[in-house]
Amino acid sequence: MLTDKRILLVIGGGIAAFKSLDLIRRLRERGAAVTPVLTSAAEQFVTPLSASALAASKVYRDLFDLTDEAEMGHIELSRAADLVVVCPATANLMGRMAAGLADDLATTLLMATDKPVMIAPAMNVRMWEHPATQRNLATLQGDGIAVVGPVAGPMACGEFGPGRMAEVPDILAAIEAHFADGPLTGRHVLVTSGPTHEAIDPVRYIANRSSGAQGAAIAAALRDLGARVTFVTGPADVPSPSGVEVVAVTTAREMLDAVQAALPVDAAVMAAAVADWRVENTSDIKLKKDAAGLPTLSFAENPDILATVSHGPDRPQLMVGFAAETHDVTAHATAKRERKGCDWIVANDVSPGTGIMGGPENAITLITQAGAEDWPRLSKDETARRLAARIAEALT
Ligand code: C5P
């Protein structure tokens, strides 16, 4: 429930703006008070009257007149909320926010507010992938702005890919998670997830079978306990959970950089299946099958992210590593805990017969300083919830 929570909802001008009307309705159903702000472009997609009727509130528009200022000045409006939500956040709006422009009511409020801000980006896939948008995204995340979505899917413009706004239930979940008070409220936890891809040439790479399902479930479970979660993910099969700060990477070295940029944190859960080696003699052009002889790949060792952070100056209070083994699981994982310098190891048997790697269930052995605990075979979601609860216990 969001009883008595005050949401200032900035509606940007994109085709996804129609979903913001549904968001208003559902926020109100949950007890929140919604004050809509429409950019002038948004008025091309939704009418102020519909937003006002659904919110049962005055709608603030770009044409902010003196009567409005007499009723409530823009500074006051920007602060009379518990959370500012921008939905949809267009490429243009993100760019203006990242640049610190205040050239209309919406961007002025976003500059003036002292409250947390959450954005739900929505735009064409090329615009989303454009380096300028990705730079703006990194800037906004660095400014502490929470980002929900976007997701991959068919778009109104006929193209397909990331850029489609997160669905309303996911935006709601992120808003509810933001307000949820739990044992990890005020704590910052880092989760790594998924495989890494290490290039051989521009089209081929070395990878592993990790789906990223367990890491995503852990991030969601920590979020549900109130933690601020930074989720550093390789190219996973499963979508990233909503309500967490997602940093997408490809290689082990990029993952290390992203992890170090996220420090300091209270706890880190390194669930990623990081490639141990990368190809040293990568080719800038595609290797040809008809070239003389078979290609010979030489390998270099990747940095060990878990060991680097565990032995580093910004070591989190709790370091959790994973160990995917195919035999002598407990013995190998216990040795790994020592070697990597982490506090806990979540060990599992990933032999093909277990169906664990890439499957929906997990059966882990938790190795701590006190010894080894065998957990029953559970869904990855339930394993994640139990692990998150243990992390909360350890941090309090
Ligand atoms: O040595 P191994 O790959 O089995 O260790 C697994 C644990 O170490 C996982 O927590 C994984 O995320 C982490 N790891 C890492 N960097 C590497 C290899 C593994 O952080 N290069």
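Below is a short write-up of the structure. Since the model is a prediction, treat every value here as computed from it, not as a measurement.

For the rest of this paragraph, the subject is the packing of helix 1 (residues 17-29) against helix 9 (residues 168-179). Orientation of helix 1 relative to helix 9, taken along the N-to-C sense of each, is 45°, at an axis distance of 10 Å. Relative to helix 9, helix 1 is oriented oblique. Of the two possible hands of crossing, helix 1 and helix 9 adopt the one that is right-handed. Contacts between helix 1 and helix 9 involve Lys19, Asp22, Leu23, Arg26 and Leu27 from the first element and Val168, Pro169, Ile171, Leu172 and Ile175 from the second. Here the contact of helix 1 with helix 9 is built from residues that sort into seven nonpolar, no polar and three charged.

Attention now goes to the pattern of salt bridges. According to the stated counting rule, one finds 26 salt bridges in the structure shown. We note a salt bridge from Asp82 to Arg6, for which the minimum N-O separation is 3.1 Å. Placement of Asp82 in the loop between helix 4 (74-79) and strand 4 (83-89) and of Arg6 in strand 1 (residues 6-11) is noted, with a sequence separation of 76 residues between them. In this structure Asp82 comes out as partly exposed when scored by relative accessible area, which is 22%. Given a relative accessible area of 39%, Arg6 falls into the partly exposed group. A salt bridge links Glu338 to Arg337, with the nearest nitrogen and oxygen atoms 3.7 Å apart. Its relative accessible area of 60% is what places Glu338 among the exposed residues. If you follow the salt bridges from partner to partner, you end up with Asp22, Arg25, Arg26, Glu29, Arg30 and Glu176 in one network.

A few words now on the pairing of strand 4. Two faces belong to every sheet, and in a regular strand the side chains alternate between them. Among the seven residues in strand 4, seven count as buried, and that is most of the element. Residues of strand 4 alternate between two faces, with Leu83, Val85, Cys87 and Ala89 on one and Val84, Val86 and Pro88 on the opposite face, all of them buried. With four bridges connecting them, strand 1 and strand 4 associate as parallel partners. The partner of Leu8 across the bridge, within strand 4, is Val84. Pairing of strand 4 with strand 5 (residues 117-121) involves four bridges; the strand directions are parallel. When the bridges of strand 5 are listed, Val86 appears paired with Ile119.

This part is about the site of the ligand. Taken together, Met270, Ala272, Val274, Asp276, Pro303, Asp304, Ile305, Leu306, Gly321, Phe322, Lys336 and Lys340 make up the full set of residues near the ligand. In this structure, an oxygen atom belonging to the ligand sits 2.7 Å away from a main-chain N or O atom of Leu306. Within the backbone of Phe322, an N or O atom sits 2.7 Å from an oxygen atom of the ligand. For the ligand, whose free accessible area comes to 440 Å², the fraction covered by protein is 87%. Put simply, the parts of the chain that give the shell around the ligand at least two residues each are helix 12 (305-310), strand 17 (318-325) and helix 13 (329-340). Each residue belonging to the shell around the ligand can be placed in one class, and the counts come to seven nonpolar, one polar and four charged.

Here the focus is the packing of aromatic side chains. Scanning the entire structure with this criterion turns up zero aromatic pairs. A cation over an aromatic ring shows up here: Lys58 above the ring of Tyr60, its NZ or CZ 5.3 Å from the ring centre. Here the guanidinium or amino end of Arg390 rests over the ring plane of Trp344, the centre of that ring lying 5.9 Å away.

A few words now on the sheet that holds strand 2 (residues 33-38). Across the sheet, which stays open at both edges, the six strands sit in the order 3-2-1-4-5-6 with parallel pairing between neighbours. Pairing within the sheet leaves two strands with one partner each, and these edge strands are strand 3 (60-61) and strand 6 (146-147). Pairing of strand 2 with strand 3, which is carried by two bridges, proceeds in the parallel orientation. Counted as the bridge partner of Val37 is Tyr60 from strand 3. Strand contacts of helix 1: strand 1, strand 2 and strand 4, with the helix running at about 170° to strand 1, the strand carrying the most contacts.

Reading the values: rules and limits
Residues numbered from 1 in each chain as written. Predicted model: local features only at pLDDT ≥ 70, side-chain atom pairs only at ≥ 80, totals over all residues. Heavy atoms only, no water. Axes fitted to C-alpha atoms, helices over the stretch in contact; angles between N-to-C directions. Helix = DSSP H or I, 4+ residues; strand = E, 2+ residues; numbered from the N terminus. Parallel < 35°, antiparallel > 145°, perpendicular 65-115°, else oblique. Left-handed = near helix turned anticlockwise from the far one by under 90°. Contact = heavy atoms within 4.5 Å. Nonpolar A, V, L, I, M, F, W, Y, C, P; charged D, E, K, R; others polar. Salt bridge = Lys/Arg side-chain N within 4 Å of Asp/Glu carboxyl O. Buried < 20%, exposed > 50% of the residue type's maximum accessible area, 1.4 Å probe, protein only. Pairing = 2+ DSSP bridges. Near = heavy atom within 4 Å. Polar contact = N/O pair within 3.5 Å; in protein donor to acceptor, adjacent residues only side chain to side chain. Areas by Shrake-Rupley, 256 points an atom, 1.4 Å probe, with all protein chains shown as cover. Phe/Tyr/Trp six-rings, centres within 6.5 Å; stacked < 30°, edge-to-face > 60°. Lys NZ or Arg CZ within 6 Å of the ring centre and 35° of its normal.

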